[in-house]
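Each chain, letter by letter, is given below.
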Amino acid sequence: MGYEELVTEAVKARIAGESDRWLRAGLSTERCDRPAAEAAVAEVYRVHGMPAPETVVWMDSPLGGALASWVLRHGWEDRLDGTLLAGAGLPLTVPQAFARQAEERICEQLGRTGAGGERRLLAGPFQDTSDAQDRLVDALGHPMFDHLDFHWLQDVHGAYELEQEMHNIFNWSTNESLGHIHHRVYRDLLGRVRGPVPERIVQPERDGDVITPPPPPSREQIYFHEEFGDGLDSWSAPRELIRWRCMLAAAGLPESPGLEAVQEALYRCGGWWPLADAVVLTERPVVLRYERTPPEASTSGSALIVYADGYQPADA
């Protein structure tokens, strides 16, 4: 049996339906249904054996979310006038006016004393797909699993049937636009990292086992990820979730409660920073306009993204 026999019309229809749902969410400027989003987040914690977070903070943009997540991890210390967020405490350079606005927003929800603590980030554990992979290998065997996985990932241009079905939905224009939007936000916030990066952050060496290895992450990237985790990656996660959840369906295996819960939580908010006993959720942008460029062009287009708190990530 080849992988083609696992990819039935029902599986293809599910891929198409879920992809369409995520595209509409990824390009939406509608305000989030906050009670539904918070209920979905609580379910993520529950299926992972944790109590629902007692502290839920809503911010209007990824920049505001980054500030709130840092406060929840490290606390306010003794400054509440904006100097802390704009100054040496937070490892991001933030305009004073935005810092004060974000601080007021956080205080409205946490109180003037704050709710900081040494909380760990949980996005990684919540998006762990190792259980799904183990179940697929047990059911299909390593050769069949490798074959299915290879054909899913090998050619992003759709040379193989399964990836081609995905690419019919994530076509070059929309996929590039959403990827470009996320990249702009990530690049903008990474560019705000306040130096110097702590000496304990060491850049890994290039992997010598690969013919053309990708460059290792910079010290700034490592530091940024350590401080703010995966909360900015609101688009590539859905693709991975669709991939693993639909592979389980193709193999005739039961759903993964953890992955099902995470996909619902991410679908219902603009972004998140899940922490131990707390979570920061962000709204979608209020303006999102994307101008495509032809496929042969060297750039992927331009986007106008504006959030309710005024944050607008810098263009390339």
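In what follows, the structure referred to is the one given above.
So, here is what we can say about the structure in this document. In this text the structure is predicted, and so the values were computed from the model without any measurement. (Residues numbered from 1 in each chain as written. Predicted model: local features only at pLDDT ≥ 70, side-chain atom pairs only at ≥ 80, totals over all residues. Heavy atoms only, no water.)

1. Section: the sheet that holds strand S1 (residues 55-59)
Then, number 1: Strand order across the open sheet formed by three strands is S1-S3-S2, with mixed pairing between neighbours. The open sheet has two edge strands with one neighbour each: S1 and strand S2 (271-275). Recorded for the sheet is a direction-independent mean angle of 10° between the axes of neighbouring strands.
Then, number 2: Across five bridges, the pairing between S2 and strand S3 (residues 278-282) is antiparallel. When the bridges of S3 are listed, Pro274 appears paired with Val279.
Then, number 3: Packed on one face of the sheet, helix H4 (residues 62-74) meets S1, S2 and S3 and runs near 5° to S2. (Pairing = 2+ DSSP bridges. Helix = DSSP H or I, 4+ residues; strand = E, 2+ residues; numbered from the N terminus. Axes fitted to C-alpha atoms, helices over the stretch in contact; angles between N-to-C directions. Contact = heavy atoms within 4.5 Å.)

2. Some remarks on the environment of Arg187
Then, number 1: The residue Arg187 is located in helix H10 (residues 172-190) in this model.
Then, number 2: For Arg187, a relative accessible area of 29% corresponds to the partly exposed category.
Then, number 3: Distance in space between the C-alpha atoms of Arg187 and Gln221 is 9.8 Å, their sequence separation being 34 residues. (Buried < 20%, exposed > 50% of the residue type's maximum accessible area, 1.4 Å probe, protein only.)

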